[in-house]
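# What the coordinates show
Each chain, written out:
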Amino acid sequence: MKALVSFWMALMVLVMLYPTNGLAQEESTLDDLKAPTSPAAYVLGIQPTAVLKPNTYKSLQAGLYSNFVSGDGQAVVPDDFGLEFSPYWTADHALTLDEYLYPKDILKDQIWRNSLFSIASTQNFLLGDSTASNAIAFGYRTSIHIRKAGGKQVKSDIEKAIDRYESTGWVGTRFVSQLVVELQTMDNLNQQKALDKSLEILTKAMNDEGFTKKQAGDVLSIYRGALVNIMDVTQNQDGFVEQLTYIVFQSLKSDELFEELKKEISSKKGLFVDFAYATVINFPSNEFESAVAPRQSFWISPSYKFKNKLDFLTLSGVLRYERFDTDYYEDFFPNATVFRHNRDVGLAASGVFDNFTLDFEAVYRDSETLNPTGQLDINGNETFTKDEDTDFQVVGSFTYRINDNLAITYNLGNQFEPILNPGNTLVSQFGISLSFGAKKNTDVTLPGN
């Protein structure tokens, strides 16, 4: 046993000390290339410690004014600042579940509803010589969902999830109301008699709601197991009812069913496409007069999630176009090779098979820059030379989940040649993920204990 423990400890130390100058630090995976949640923060290259998410226009104005205007009324660039704002959700649209899940108007019910504007700023935007400067970025993102995978089956699954959740509410409500009445009318009230009556009430309530024999048996098994530390009904009847009510809802797994319902509602089956745009404005001299927009990015990210027999498979892709101001990079990043136009085309497939997860991605990159020659053609037009470069990346990932707390991952493939620190472009990494404290479904904690 000691040898086994020593082996795992040594393996974990080896993983933590393993040099990560491959995929982890220098590599751009397909997830990095796909339309980001906050395009502004992505293009600026920061992760704000806090992000403002105002839900009204007044709070939006207050957030902008308090962060971008100094005490003497001067415009400033806040440090490590992030803001995301969705205009559609500033008003209560009173959407029905059907309207939310199956929007009919692409422009109003999808593009505008899913529109998200973002702002990010920093006072520590490092130039090539490590000089800190101010920078601010603006971004926009929206999505179009086409729920065709599964069709009527998807709607049926959601309706079933709603029915399961609502049935637990009805069972719990009936249990409480009937238990209170029975306790008040019960002669010679004692602990065992009260517990027997509660089991009878719970069983009848589940039968009335159409629970199967197995479903009712699972609930009763958890319920009985949690009655060990229940308080004495003859000492505190209100506390007795409160604890039994708590146990019933935990035995019915109401929280789990609610999470399942949310998952069904938010699950995107079929084709969905994300669109995003972002631009960054840098102030190299920290003066507004020196403003320059060195980078602009535009994303189209389609994905398709299958249903039924192929629900283990997800296909996704990305089309990304980026435009760089090469004059800016020549002035402030002289050691970096940057092309004016950068185009990425990527495709990924992800499959989950029991404890195995397989991921595969391939990305093609095409870059070019037109440089003026300083000469004119016979028609008097300025002539250019074209610098071009292409690159290709393919990466595979294999994950085996040993249990809920332990997973092993291995990555293999070739990566893009890094702009900075070029050299090793082979990805070969091994990792272990550990988690602790998974709660068992049968664990029930009484209120006050």
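Look above for the structure.
The notes below deal with the structure included here. Because the structure is a prediction, the values reported are computed rather than measured.

## Quick word on the overall build of the protein
Tallying secondary structure elements over the protein gives 13 helices and twelve strands in all. Burial status across the protein gives 37% buried among its 449 residues. Once local pairs closer than 6 in sequence are excluded, the contacts in the protein between residues at least 24 apart make up 65%. A total of about 26300 Å² of accessible surface is found on the protein, and carbon and sulfur atoms cover 55% of it.

## Regarding helix H5 (residues 57-68)
Here H5 is twelve residues long and its end C-alpha atoms lie 16 Å apart, about the 16 Å a rise of 1.5 Å per residue gives. Those residues of H5 not exposed but buried are Leu60, Gly63 and Phe68. Considered in projection along H5, the buried side chains sweep an arc of 95° and stay on one side of the axis. Exposed residues pointing more than 90 degrees away from the buried face of H5 are listed as Lys58, Gln61, Tyr65 and Ser66. Looking at the packing, one finds that the buried side of H5 touches strand E1 (51-52), strand E2 (81-85), strand E3 (116-126) and strand E4 (132-146).

## Some words on the pattern of salt bridges
Think of it this way: side chains of opposite charge can pair up when their charged atoms draw near. In total, this model carries 13 salt bridges according to the counting rule given. Where Arg113 meets Asp109, a salt bridge forms, and the shortest distance between an N and an O atom there is 3.9 Å. You'll find Arg113 and Asp109 in the same group, each marked buried. With its nearest N and O atoms 3.0 Å apart, the salt bridge here joins Asp208 to Lys204. Remark: Lys204 and Asp208 occur in helix H9 (residues 191-208); sequence separation between them is four residues, near one turn of the helix. Overall, Asp208 belongs to the partly exposed group, its relative accessible area being 46%. Judged by relative accessible area, Lys204 falls into the partly exposed class, the value being 47%.

## Some details on unusual backbone geometry
Positioned with a positive phi, Asp80 is a non-glycine residue whose angle comes to about 55°. For Asp80, the position within the fold is in the loop between H5 and E2. Residue Asp80 is classed as partly exposed on the basis of its relative accessible area, which comes to 26%. Despite not being glycine, Ser130 has its phi angle at roughly 70°, a positive value. Relative to the elements of secondary structure, Ser130 occurs in the loop between E3 and E4.

## Quick notes on helix H11 (residues 237-251)
For H11, which comprises 15 residues, the first-to-last C-alpha distance of 21 Å matches the rise-based estimate of 21 Å (1.5 Å per residue) to within 8%. Where H11 is concerned, the buried positions are Gly239, Phe240, Val241, Gln243, Leu244, Thr245, Ile247, Val248 and Ser251. A distance of 3.4 Å separates the backbone nitrogen of Asp238 from a side-chain oxygen at the start of H11, and that oxygen is part of Asn236. Just beyond H11, the residue with positive phi is Lys253, at close to 60°.

## What about the packing of aromatic side chains?
Aromatic ring pairs are reported here in terms of the distance separating the ring centres and the angle at which the planes meet. Under the definition given, this model contains 14 aromatic pairs. Here Tyr57 and Phe85 contribute two aromatic rings whose centre-to-centre distance is 5.4 Å and whose plane-to-plane angle is 65°, an arrangement assigned as edge-to-face. With a gap of 28 residues between them, Tyr57 in helix H5 and Phe85 in strand E2 connect regions that are remote in the sequence. Taking the relative accessible area as the measure of exposure, Tyr57 reaches 45% and is therefore partly exposed. Note on Phe85: relative accessible area 5%, which makes it buried.

## Comments concerning the environment of Gly217
For Gly217, the position within the fold is in helix H10 (residues 213-225). Residues Gly217 and Thr203 lie 14 residues apart in sequence; the distance between their C-alpha atoms is 9.0 Å.

## Regarding the side chain of Thr399
Relative to the helices and strands, Thr399 is located in strand E10 (residues 382-403). A polar atom in the side chain of Thr399 sits 3.3 Å from the side chain of Thr409.

## Looking at a nonpolar patch on the surface
A cluster of nonpolar side chains, namely Phe353, Phe356, Leu358, Phe398, Tyr410 and Leu412, defines an oily patch on the protein surface of about 520 Å² accessible area. Secondary-structure elements contributing two or more residues to the nonpolar patch are strand E9 (356-376) and strand E11 (406-414).

## Thoughts on the nonpolar core
Counting 27 residues, the largest nonpolar core has Phe175, Leu183, Leu202, Met206, Tyr223, Phe240 and Leu244 as the members making the most contacts within it. Elements that contribute at least two residues to this core include exactly helix H8 (152-185), H9, H10 and H11. A total of seven residues in this core trace back to one element, the largest contributor, which is H9. Counting residues in hydrophobic clusters, the runner-up holds 25 residues, among them Phe125, Ala135, Ala137 and Ala278.

The rules behind each value
Residues numbered from 1 in each chain as written. Predicted model: local features only at pLDDT ≥ 70, side-chain atom pairs only at ≥ 80, totals over all residues. Heavy atoms only, no water. Helix = DSSP H or I, 4+ residues; strand = E, 2+ residues; numbered from the N terminus. Buried < 20%, exposed > 50% of the residue type's maximum accessible area, 1.4 Å probe, protein only. Contact = heavy atoms within 4.5 Å. Areas by Shrake-Rupley, 256 points an atom, 1.4 Å probe, with all protein chains shown as cover. Expected span 1.5 Å × (residues − 1). Arc of directions from axis to C-beta. Salt bridge = Lys/Arg side-chain N within 4 Å of Asp/Glu carboxyl O. Polar contact = N/O pair within 3.5 Å; in protein donor to acceptor, adjacent residues only side chain to side chain. Phe/Tyr/Trp six-rings, centres within 6.5 Å; stacked < 30°, edge-to-face > 60°. Patch = residues over 30% accessible without salt bridge, like charges linked within 9 Å, V, L, I, M, F, W, Y side chains within 5 Å. Core = buried A, V, L, I, M, F, W, Y, C linked by side-chain atoms within 4.5 Å.

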